[in-house]
Amino acid sequence: MTLDINEALRSFDSRSAVMLSMNTAAVTLALHLVTGVLAGYFLTGKKTFLRSLADTAVTLPLIFPPIATGFLLLLLLGRNGIIGRPLQSAGIETIFSTTGVYTASFVAGLPLVVKSVQSAIETMDRSLLEASWTLGKSRTETYIKVVLPHIRYALFTGLVLSLGRSFGEVGITLMLGGNISGKTETMSLAIYNAVFEGNFEKAALLSIMLAVISLGMFAILKKISRTGNESRTVP
């Protein structure tokens, strides 16, 4: 029997979950690109207390349980939170909204981008930087014209990994988004809900879709790795 994806999605009422996941991936990918570049510039400077604190904050979601990270963010971004109260006064809803879903995806995937960029910068040949400085280039100019081109494959790898994390994120999204069907239910949460409801057909269909996306990202990672290796071996 042939499976009609569109018909199946209509019958399972999963289009909103698919669209939310796609939108979340697009939004967080753009945010991770900008933040990864800026954080890489900031964190690889001279070590200070502020840089160490920022490094810890960025790394925390990578090693802290997602549900606990979500709870901490809920305290910060909730209506009575330090950040949430002024946002609420400005009319910006963060909790139990698509903004909360975007925030969860951004926080969850950020370490994968920043750490990839940071590691690549810290291991690159210092003579390249020194040569740029000798030619009178500032730290910012050196970062833009020398460092970023040199670490571009590490940056692309981090972005792809963060994209995968975006599609698979559950714990933080559950706390900030609230898992509201038709509003804040992502594909991963839809799978969880479908299994809980005993709707294994829906869970299987969405799992296959995520598997296809994951295989596509794996192919992109292999391509990035191969291209990066070839560029380093070119005399």
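(A) Quick peek at the overall build of the protein. When helices and strands are tallied, the protein shows 12 helices and zero strands. Counting only C-alpha atoms, the protein reaches 65 × 50 × 25 Å along its principal axes. Look at the contacts in the protein between residues 6 or more apart in sequence, and 71% of them connect residues 24 or more apart. If you sum the accessible surface of the protein, you get close to 13000 Å²; carbon and sulfur atoms cover 67% of it. Averaging the positions of the 20 positive and the 14 negative side-chain charges in the protein gives two centres separated by 10 Å.

(B) The arrangement of helix α2 (residues 15-43) in detail. An ideal rise of 1.5 Å per residue puts 42 Å on 29 residues; α2 measures up with 40 Å between its terminal C-alpha atoms. When we look at burial in α2, the residues that qualify are Ala17, Val18, Leu20, Ser21, Thr24, Ala25, Thr28, His32, Gly36, Ala39, Gly40 and Leu43.

(C) Representation of unusual backbone geometry. The phi dihedral of Phe96 falls on the positive side, at around 60°, and the residue is not glycine. Looking at where Phe96 falls in the secondary structure, it is placed in the loop between α5 (84-89) and α6 (98-123). Residue classification places Phe96 among the partly exposed positions, given a relative accessible area of 43%. The backbone of Asn179 sits at a positive phi, close to 55°, despite the residue not being glycine. Relative to the helices and strands, Asn179 is located in the loop between α10 (171-177) and α11 (187-197).

(D) Molecular detail of empty space enclosed by the protein. Throughout the structure, instances matching the rule amount to one cavity of 30 Å³ or more. Considering only enclosed or pocket space, the largest cavity measures out at about 50 Å³ in volume. Every residue lining the largest cavity is listed: Ser21, Thr24, Val101, Ser105, Ser166, Phe167, Glu169, Thr173 and Thr186. Those elements that place two or more of their residues in the lining of the largest cavity are α2, α6 and α9 (152-168). Within the lining of the largest cavity, the residues separate by chemical class into two nonpolar, six polar and one charged.

(E) Quick peek at the packing of α2 against α6. Between α2 and α6, the least distance of the axes is 7 Å, while the angle of their chain directions is 40°. With respect to their mutual orientation, α2 and α6 come out oblique. Crossing geometry of α2 relative to α6 is assigned as right-handed. Every residue of α6 that contacts α2 at Leu20, Asn23, Thr24, Val27, Thr28, Leu31, His32, Thr35, Gly36, Ala39, Gly40 and Leu43 is listed here: Thr98, Val101, Tyr102, Ser105, Phe106, Gly109, Leu110, Val113, Val114, Val117, Gln118 and Ile121. Class assignment of the residues belonging to the contact of α2 with α6 gives a composition of 13 nonpolar, 11 polar and no charged.

(F) How the structure looks around the environment of Gly70. Within the element layout of this structure, Gly70 appears in helix α4 (residues 66-77). Along the chain, Gly70 and Gly171 lie 101 residues apart, while their C-alpha atoms are 6.7 Å from each other. Residues in contact with Gly70, not counting those within four places in the same chain, are Ile172, Met175 and Leu176.

(G) Just the packing of helix α7 (residues 126-134) against helix α8 (residues 139-150), in detail. Where α7 meets α8, the closest approach of the two axes is 10 Å, and the angle between their N-to-C directions is 145°. The two elements α7 and α8 cross, and the hand of that crossing is right-handed. Listed contacts from α8 to Leu128, Leu129, Ser132 and Trp133 of α7 are Arg139, Thr142, Val146, Val147 and His150. A per-class count over the contact of α7 with α8 returns five nonpolar, three polar and one charged.

(H) Examining the confidence of the model for the protein more closely. Here the protein shows a mean pLDDT of 86. Residues at 70 or above account for 92%. The spread of mean pLDDT over the elements of the protein runs between helix α1 (residues 5-12), the lowest at 51, and α10, the highest at 92.

About the cut-offs
- Residues numbered from 1 in each chain as written.
- Predicted model: local features only at pLDDT ≥ 70, side-chain atom pairs only at ≥ 80, totals over all residues.
- Heavy atoms only, no water.
- Helix = DSSP H or I, 4+ residues; strand = E, 2+ residues; numbered from the N terminus.
- Contact = heavy atoms within 4.5 Å.
- Areas by Shrake-Rupley, 256 points an atom, 1.4 Å probe, with all protein chains shown as cover.
- Lys, Arg positive; Asp, Glu negative; His and termini not counted.
- Charge placed at Lys NZ, Arg CZ, Asp CG, Glu CD.
- Expected span 1.5 Å × (residues − 1).
- Buried < 20%, exposed > 50% of the residue type's maximum accessible area, 1.4 Å probe, protein only.
- 1 Å grid on protein atoms, 1.4 Å probe; cavity = no way out; pocket = protein on both sides within 12 Å on 5 of 7 lines; lining within 4 Å.
- Points joined across faces, edges and corners; volume = space filled by probe spheres on them.
- Nonpolar A, V, L, I, M, F, W, Y, C, P; charged D, E, K, R; others polar.
- Axes fitted to C-alpha atoms, helices over the stretch in contact; angles between N-to-C directions.
- Parallel < 35°, antiparallel > 145°, perpendicular 65-115°, else oblique.
- Left-handed = near helix turned anticlockwise from the far one by under 90°.
- pLDDT = per-residue confidence, 0-100.

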